[in-house]
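Here's the letter readout for the chains.
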Amino acid sequence: MLSWRLPFPMDPELEALLESYDVFLEARGGSNEGQLFAAYHSRIADAAAARRLAPETLDAAVRKKYPRWIRASDHPSSLPPKA
Amino acid sequence: MLAQWGRPVLRARLDFSVGSGHRSIVNGIATSLEGSPPGLTSEKTGQELVCYWLDRCDDFMDQQRKHLIEREPSPRELAEHVDTLKFMIRVTLSLQALVADPDSPARRFARQISGKLLQLQASLDLLLNPMTDADADAVLAAAFPNGSGARSLA
């Protein structure tokens, strides 16, 4: 697992949602993207239902958080260096 | 749609001359089509077209990660990227329709194309998300009282 260094605490369930979205966006080749997308939305639906939130609202909030979460992390780009 | 290939922004963002996958495909075509029966030739060409495009989509997603997600893009960078992203979605939609043809030789790639299309469309949703940072933080702070990764107002 990547090492995150966030300035403020984050609920593990929210972090799991962000990681699930990241895994989907970072998938390559086309074989698993559909499954990973479904897994992310299943997690969003469960989390939203537990909090009596509209899934669309939670999804939009998680997606808005996602780039800031990535930028707050201390891991380098996952891209391999160009030859 | 083809007219857009000539647009400067697309030339800058979609470099079709790079990528080992592309080169190997081109070389593969050059060496394998000689003497092939017509049916096999079209099948191979169709499959290589799909593989080529999936490679380009992956390259595009890598660049998006590096230049628009890992760092804050300028408004111009964002606008140019969104323009290219929409083009990628249009081409992938066309390819999806092409492989959905029951007689398509590349039919077995339908799942990969659908998956890649989901990723491209999700990227557009991500980049054009109308929710403000403040609204997102408020939703997440209320939903996750144990910490939303944002500064507490208390």
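Quick caveat, the model's predicted, so the values are computed rather than measured. Within every chain, residues take consecutive numbers counted from 1 along the sequence as written. To read the labels, note that chains go from A and ligands from 1, taken in the order they are written. Restriction of local features to residues with pLDDT of at least 70 applies here, the model being predicted, together with a cutoff of 80 or more for giving and counting side-chain atom pairs; totals for whole chains, interfaces and linings are based on all residues. In computing side-chain properties, one takes all heavy atoms of the structure into account and sets aside hydrogens as well as water.

Description of the overall build of chain A
Part 1 of the argument: Strands here are runs of E lasting at least two residues and helices are runs of H or I lasting at least four, both read from the DSSP assignment and numbered beginning at the N terminus. A tally of regular secondary structure across chain A gives three helices and zero strands.
Part 2 of the argument: The buried share of chain A, reckoned over its 83 residues, is 40%.
Part 3 of the argument: We call two residues in contact whenever any of their non-hydrogen atoms come within 4.5 Å of each other. In chain A, the proportion of contacts linking residues at least 24 apart, taken out of those at least 6 apart, comes to 56%.
Part 4 of the argument: Computed with the Shrake-Rupley method and a 1.4 Å probe, the accessible areas treat only the protein chains shown as cover for residues. Summed over all atoms, the accessible surface of chain A reaches about 4,400 Å², with 57% contributed by carbon and sulfur. To sort residues, take the accessible area from a 1.4 Å probe on protein chains only and compare it with the maximum for the residue type: under 20% means buried, over 50% means exposed, and anything in between is partly exposed.

Describing the interface of chain A and chain B
Part 1 of the argument: Taken together, the contact pairs 42 residues of chain A with 39 residues of chain B.
Part 2 of the argument: Buried area: the accessible surface (1.4 Å probe) lost by two parts on joining, summed over both. In total, about 3,600 Å² of surface goes out of reach between chain A and chain B, with carbon and sulfur atoms giving 57% of it.
Part 3 of the argument: Salt bridges, as used here, are contacts in which a Lys or Arg side-chain nitrogen is within 4 Å of a carboxyl oxygen on Asp or Glu. Put simply, chain A and chain B have eight salt bridges between them.
Part 4 of the argument: Taking the shortest distance from any N to any O, the salt bridge between R71 of chain A and E72 of chain B comes out at 3.2 Å.
Part 5 of the argument: We define a polar contact as two N or O atoms separated by no more than 3.5 Å, with the added condition that, inside protein, one atom must be a possible hydrogen donor and the other a possible acceptor, whereas residues neighbouring each other in sequence contribute only through side-chain atom pairs. The interface formed by chain A and chain B contains 19 residue pairs in polar contact (both at pLDDT 80 or more).
Part 6 of the argument: Where the side of chain A that touches chain B is concerned, the elements lending two or more residues are α1 (12-26), α2 (33-50) and α3 (55-72) of chain A.
Part 7 of the argument: Per-element accounting of the side of chain A that touches chain B gives the leading share, 13 residues, to α3 of chain A.

Focus on the packing of α3 of chain A against helix α6 (residues 133-143) of chain B
Part 1 of the argument: In this analysis an axis means a line fitted to C-alpha atoms, helices contributing only their contacting stretch, and an angle means the value between N-to-C directions, from 0 to 180 degrees. It is at 9 Å that the axes of α3 of chain A and α6 of chain B come closest, and there the two elements cross at 115 degrees. For the element pair α3 of chain A and α6 of chain B, the recorded crossing hand is left-handed. In this structure, α3 of chain A uses T57, L58, A61, V62, K64, K65 and R68 of chain A to contact α6 of chain B, whose residues at the interface are D133, A136, D137, V139 and L140 of chain B.
Part 2 of the argument: Put simply, Ala, Val, Leu, Ile, Met, Phe, Trp, Tyr, Cys and Pro go in the nonpolar bin, Asp, Glu, Lys and Arg in the charged bin, and everything else, Gly too, in the polar bin. Taken together, the residues of the contact of α3 of chain A with α6 of chain B break down into six nonpolar, one polar and five charged. Left-handed describes a crossing whose near helix is turned anticlockwise from the far helix through less than a right angle; right-handed describes the clockwise counterpart.

What about the environment of S42 of chain A?
Part 1 of the argument: Relative to the helices and strands, S42 of chain A is located in helix α2.
Part 2 of the argument: Along the backbone, S42 of chain A and P55 of chain A are 13 residues apart, and their C-alpha atoms lie at a distance of 9.7 Å.

Notes on unusual backbone geometry
Part 1 of the argument: The phi torsion at R52 of chain A lies on the positive side, around 55 degrees, for a residue other than glycine.
Part 2 of the argument: On the secondary structure map, R52 of chain A appears in the loop between α2 and α3.

Section: the confidence of the model for chain B
Residues and elements named next belong to chain B.
Part 1 of the argument: Taken over all residues, the pLDDT of chain B has a mean of 79, while the share at 70 or more is 70%.
Part 2 of the argument: The predictor reports its confidence for every residue as pLDDT, a score running from 0 up to 100. Scored below 50 in pLDDT, residues 1-33 shows 48 contacts in the model against residues more than four places distant or in partner chains.
Part 3 of the argument: Confidence metrics for the complex model read pTM 0.76 and ipTM 0.81.

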